[in-house]
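As a plain string of letters, each chain reads:
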Amino acid sequence: MKNELKKNLTYEKTMLILSVLCIASGFLTLIISDAAIPITAALLAAIFLFESKGKRRFSYAVSAILVVINAALFLVPDMIPSFFSILAIAFAVIISRAYLRGSEKSETAFLMTAAATLVITLTLIVVPMIAAGKLDFGVVKSFYEKLISLLREELLLAMDTALGGLEFQGTPVMIDVVQINKLFDYQLSMFISYVIIFAFFLAGATLKFFSIVVSKCAENVKPIFMWRFKTSSVFAYFYFILAVATFFIASADSVFSITVLNLYNILMFVYFYVGFNVAVAFMSRNRRPIFAFLIVLLAVILFMSYAIELLAIIGAFFTIKSNQHVIKSE
């Protein structure tokens, strides 16, 4: 795909503005932590995209400054260590190269999700070592055993405090410790999927910001609007199979059940992302896209899991139907 700037934009000025915004976003991580990664990565990807071949001074300089900002985070007392610069640079390289080569957006999102998952995992391993001041995996195990025990105790205490003094038909309401522990263990077994889902949404947000930046700067905006996220119908069918399988799983008490539930969670949020975009596109027919986005987002916030599951089903069905349409047209 072509990467030419609009004719009314000067190269030096545009690159300078993108660089300043990217560095400012990097500094923003000092305030809102990793939440600024999508903006930082999208701006850096745009710099990589529009920068002249053989003249990588802007992208290299910005990348170096981001690494310095990231290193400064390790010197801030009580600040949780972060590797946002590594992830932002990885995202930027993946997006810019994938877009130039014409790779599928879903493939790009997969690579970005994998990169984010690796960086998050690295962070989770390094944090306990930094806290203990020594390089030992035994420290990591001990740290998370204590953390899990503390969180379990805090949950039980919070539930006891919330229900303390409540009565039902004159009988005091008592907490069921066994059920609360089972709920806690279930959420703990889903941790892998939560990390991957978080990584996926970081990738999705970055791709969205990248589309916005390119649409404002590129001479030809048609390629960026045609660069849409879609998956193979095989994954959509697999999602429905997993959805049916979850009805026969009473609890996450085996490797098989944990695997099925984690895979289901991951694919549900992938197709929720597709379904969300479909719903926004449908609502945008008679109103502005921003209002349509806010309406769908509000519905998700109000109905939470029901809305997520419904939009995931819509997203999976849309994927199957759109792929069938492509096959017929060919």
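What you are looking at is a predicted structure, and each value in this text was computed from that prediction instead of being measured.

**Considerations on the pattern of salt bridges**
Piece 1. All chains considered together, the criterion is met by two salt bridges.
Piece 2. Here Glu-12 makes a salt bridge to Arg-57, at a shortest N to O gap of 2.6 Å. Highlighted residues: Glu-12 in helix α1 (residues 11–32) and Arg-57 in helix α3 (residues 57–73), separated in sequence by 45 residues.
Piece 3. In this structure Glu-12 comes out as partly exposed when scored by relative accessible area, which is 42%.

**A closer look at the nonpolar core**
Piece 1. Phe-50, Phe-91 and Phe-210 are the most contacted members of the largest nonpolar core, which totals 82 residues.
Piece 2. Element by element, the count of residues in this core is highest for helix α11 (residues 255–283), at 15 residues.

**Points about the packing of aromatic side chains**
Piece 1. All told, the structure shown has 18 aromatic pairs when counted by the stated rule.
Piece 2. Between Tyr-11 and Phe-58, the aromatic rings sit 6.4 Å apart at their centres with planes inclined by 80 degrees, giving edge-to-face as the arrangement. Of the two residues, Tyr-11 sits in helix α1 while Phe-58 sits in helix α3, which places them 47 residues apart along the sequence.
Piece 3. According to the relative accessible area criterion, Tyr-11 is partly exposed, its value standing at 24%.
Piece 4. Consider the rings of Phe-210 and Trp-227, whose centres lie 6.3 Å apart with planes at 70 degrees: the pair is edge-to-face. Separated by 17 residues along the polypeptide, Phe-210 in helix α8 (residues 191–217) and Trp-227 in the loop between α9 (222–226) and α10 (233–246) bring together distant segments of the chain. With respect to class, Phe-210 is no different from Trp-227; both count as buried.

**Quick look at the packing of helix α5 (residues 105–132) against α8**
Piece 1. Relative orientation of the contacting elements α5 and α8 amounts to 125 degrees, with a least axis distance of 8 Å. For the element pair α5 / α8, the angle class is oblique. Viewed along their axes, α5 and α8 form a crossing whose handedness is right-handed. The residues of α8 that touch α5, namely those facing Lys-105, Thr-108, Ala-109, Met-112, Thr-113, Ala-116, Thr-117, Ile-120 and Leu-124, are Phe-191, Val-195, Ile-196, Phe-198, Ala-199, Phe-200, Ala-203, Thr-206, Leu-207 and Ser-211.
Piece 2. For the contact of α5 with α8, the per-class residue count stands at 13 nonpolar, five polar and one charged.

Scoring rules and cut-offs
What you see as residue numbers is a count from 1 along each chain, following the sequence as written. Predicted model: local features are reported for residues with pLDDT of at least 70 only, side-chain atom pairs are reported and counted for 80 or more only, and whole-chain, interface and lining totals are derived from all residues. Side-chain numbers come from the whole structure's heavy atoms, not from hydrogens or water. Each salt bridge in this description consists of a side-chain nitrogen of Lys or Arg and a carboxyl oxygen of Asp or Glu lying within 4 Å of one another. Helix numbering and strand numbering both begin at the N terminus, where a helix is a DSSP run of H or I of at least 4 residues and a strand a DSSP run of E of at least 2. Accessibility here uses a 1.4 Å probe with only protein chains present; expressed as a share of the type maximum, an area under 20% marks a residue as buried, one over 50% as exposed, and anything in between as partly exposed. To qualify as a nonpolar core, a set must consist of buried Ala, Val, Leu, Ile, Met, Phe, Trp, Tyr and Cys residues joined through side-chain atoms within 4.5 Å. Centres within 6.5 Å are what make two rings of Phe, Tyr or Trp a pair, Trp counting through its six-membered ring; a difference in plane orientation under 30 degrees is then read as stacked, over 60 as edge-to-face, and the rest as tilted. Structural elements are reduced to axes, namely lines fitted to C-alpha atoms, with helices fitted over the stretch in contact, and the angle between N-to-C directions of any two is expressed from 0 to 180 degrees. In these notes the angle categories are as follows: under 35 degrees is roughly parallel, over 145 is roughly antiparallel, 65 to 115 is roughly perpendicular, and the rest is oblique. Take the far helix as your reference; a near helix turned counterclockwise from it by less than a right angle gives a left-handed crossing, and one turned clockwise gives a right-handed crossing. Only heavy atoms matter for contacts: two residues are in contact if any of them lie within 4.5 Å across the pair. Here the term charged refers only to Asp, Glu, Lys and Arg, the term nonpolar to Ala, Val, Leu, Ile, Met, Phe, Trp, Tyr, Cys and Pro, and the term polar to all other amino acids, Gly among them.

These values are about where atoms sit, not about what they do.
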